Amino acid sequence: MSRMLYALVDGNNFYVSCERVFNPHLEGRPVIVLSNNDGCAVARSDEAKALGIPMGVPYFEIRDLLNQHRGIVLSSNYTLYADMSRRMMAVIGQYSPEQEVYSIDESFLRFKGFQHWDLTEHGRRIRHQVRQWTGLPVGVGLGPTKTLAKLANRLSKRHPDFKTAGVCNLADLPPWRQLDYFAQVEVGDVWGVGPRWAKKLKDLGIHSALDLKLADPESLRKRFNVVLERTIRELNGLPCIPLEEAPPAKKQIVSSRSFGHLVRRKDDLLEAVATYAATAAQKLRQSRQCTSAMQVFLSTNSFIPGEPQYHPAAMISFPTPTQDTATLIQAARSGVARIFRPEFRYKKAGVMLMDMVPEGVHQGVLFRAEDTEGEERRSRLLAALDACNSQMGKGTLRFAAEGIGQPWKMRRGNLTPAYTTAWDSLAIGRA
């Protein structure tokens, strides 16, 4: 067995699985979770996949098919999914001192110094405990590199040899058996190879993960880039992609949503961008950063034939980097005031924070006295705001500029309760 192995633990149909934890009646039925404004399918249960429903298909195209098969359609409940992800990652992190949370439903672990452990059995324990403590099903893939762990995870969820157990450890397989499985994986399904590269690789006669593993990394680096070279070396068991235990600092933060209907009133746009600025400010503080510039943008709906189009943006710079919600809301509203034109109907608005710096590290303004005491009071106020919203639910406390009714909010007609983050949404058990 290799002295070091990586594991990728990945939630099965994660959004659907989160919904099924609190609604067992969804088990065994085709379930679709829709994108913002109930537009397209972004998650599908195995039963929905069996009906041939592809990812990203517009809901109106599959409505009749789902009705024929007693399918269930749900609006995306990101508050629930984020909290369930946090719980799942906390359980997974107990099984190794080195963990990288790769996405909302994926986590890498590194097992270094575990050479006397049965890591296949260790993977089964991870899978069992995550299911027992959170209700979420996961697949576990293990391999000498992150790319091989990712490939093993795919086998654990899709290949008949591993699907029942839900764990695939490539290090436990003889080399000839590994090659057999690699030959069954499309090259486009290898981590790091997208559809565009897959097409070009197939033109070169590289159709499977095995073909890519046997390819010359140097020659493909010249044709593509160093990323593909690393992928080939990783497929051959040479670790080239490091484990990132701490996420890299964000270079930008975007907060944006499509409206539930076309918006013409300026006041509605001001409320919307104030809400997006407040959301971005909270993310900014969570990442312990400040922003030096903000872009505010509006957009009409380019999919309506004959609709006049207008896609403006305004840039606002700050004298000193900030993470203050009130400052960002004021800037966002001033941006809308500069670019708003009443003759258009708007479909989307948003803010983008740029030129990020670590909090506490910035250059002051030469001829401007700093109000240290006032800044400290402001920091305590924002910390209390974040703590309250974290404990009592998003939006419990908010700035008046964000509005109350918010008629412009995105459409979510089949939204389930936020079972784990709001007292009035707690699941109720009946004997």
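Residues numbered from 1 in each chain as written. Predicted model: local features only at pLDDT ≥ 70, side-chain atom pairs only at ≥ 80, totals over all residues. Heavy atoms only, no water.

Time to look at a nonpolar patch on the surface. Together, Met392, Trp423 and Leu426 line one region of the surface with nonpolar side chains, adding up to about 370 Å² of accessible area. Along the chain, the position of methionine 392 falls in helix α15 (residues 372-392). (Patch = residues over 30% accessible without salt bridge, like charges linked within 9 Å, V, L, I, M, F, W, Y side chains within 5 Å. Areas by Shrake-Rupley, 256 points an atom, 1.4 Å probe, with all protein chains shown as cover. Salt bridge = Lys/Arg side-chain N within 4 Å of Asp/Glu carboxyl O. Helix = DSSP H or I, 4+ residues; strand = E, 2+ residues; numbered from the N terminus.)

Okay, the packing of aromatic side chains next. Two measures describe an aromatic ring pair: the distance that separates the ring centres and the angle between the ring planes. All told, the structure shown has 17 aromatic pairs when counted by the stated rule. With a centroid separation of 4.3 Å and 15° between ring planes, the pair formed by tyrosine 15 and tyrosine 81 is classed as stacked. Placement of tyrosine 15 in helix α1 (residues 14-22) and of tyrosine 81 in helix α4 (residues 78-92) is noted, with a sequence separation of 66 residues between them. A relative accessible area of 17% means that tyrosine 15 is categorised as buried. Plain terms: the ring middles of phenylalanine 114 and tryptophan 117 are 5.0 Å apart, the flat faces sit at 55° to each other, and that makes the pair tilted. (Phe/Tyr/Trp six-rings, centres within 6.5 Å; stacked < 30°, edge-to-face > 60°. Buried < 20%, exposed > 50% of the residue type's maximum accessible area, 1.4 Å probe, protein only.)

There is a patch of like positive charges on the surface, built from Lys250, Arg257, Lys283, Lys394, Arg398, Lys409 and Arg412. Its location among the elements puts lysine 283 in helix α13 (residues 266-286). A residue is classified by how much of its surface remains accessible, and lysine 283, at 32% relative accessible area, is partly exposed. (Lys, Arg positive; Asp, Glu negative; His and termini not counted. Charge placed at Lys NZ, Arg CZ, Asp CG, Glu CD.)

Here the focus is the nonpolar core. If you look at the biggest cluster of nonpolar residues, it comprises 35 residues, and the most contacted ones within it are Phe259, Leu269, Met294, Val296, Leu328, Tyr346 and Leu353. Elements supplying a minimum of two residues to this core: β9 (253-263), α13, β10 (289-300), β11 (313-322), α14 (325-339) and β12 (346-358). Take this core: its biggest share by element is eleven residues, from α13. Contacts of leucine 269, omitting those with residues within four sequence positions, involve Phe259, Val263, Leu298, Val336, Phe340 and Tyr346. Listed in part, the 33 residues of the second largest apolar core include Leu26, Phe114, Leu119 and Leu142. (Core = buried A, V, L, I, M, F, W, Y, C linked by side-chain atoms within 4.5 Å. Contact = heavy atoms within 4.5 Å.)

Before going further, it helps to spend a moment on the environment of proline 217. Position of proline 217 among the secondary structure elements: in helix α11 (residues 217-223). Taking the C-alpha atoms as reference points, proline 217 and leucine 228, eleven residues apart in sequence, are found 7.7 Å from one another. Here proline 217 is in contact with Glu229, Ile232 and Arg233, once residues within four sequence places are set aside.

A word on the packing of α1 against α4. Remark: α1 packs on α4, axes separated minimally by 10 Å, with the N-to-C direction vectors making an angle of 90°. The pairing of α1 with α4 is recorded here as roughly perpendicular in orientation. Here Phe14, Tyr15, Cys18, Glu19, Val21 and Phe22 of α1 lie close against α4, whose contacting residues are Tyr78, Leu80, Tyr81, Met84, Ser85 and Met88. (Axes fitted to C-alpha atoms, helices over the stretch in contact; angles between N-to-C directions. Parallel < 35°, antiparallel > 145°, perpendicular 65-115°, else oblique.)

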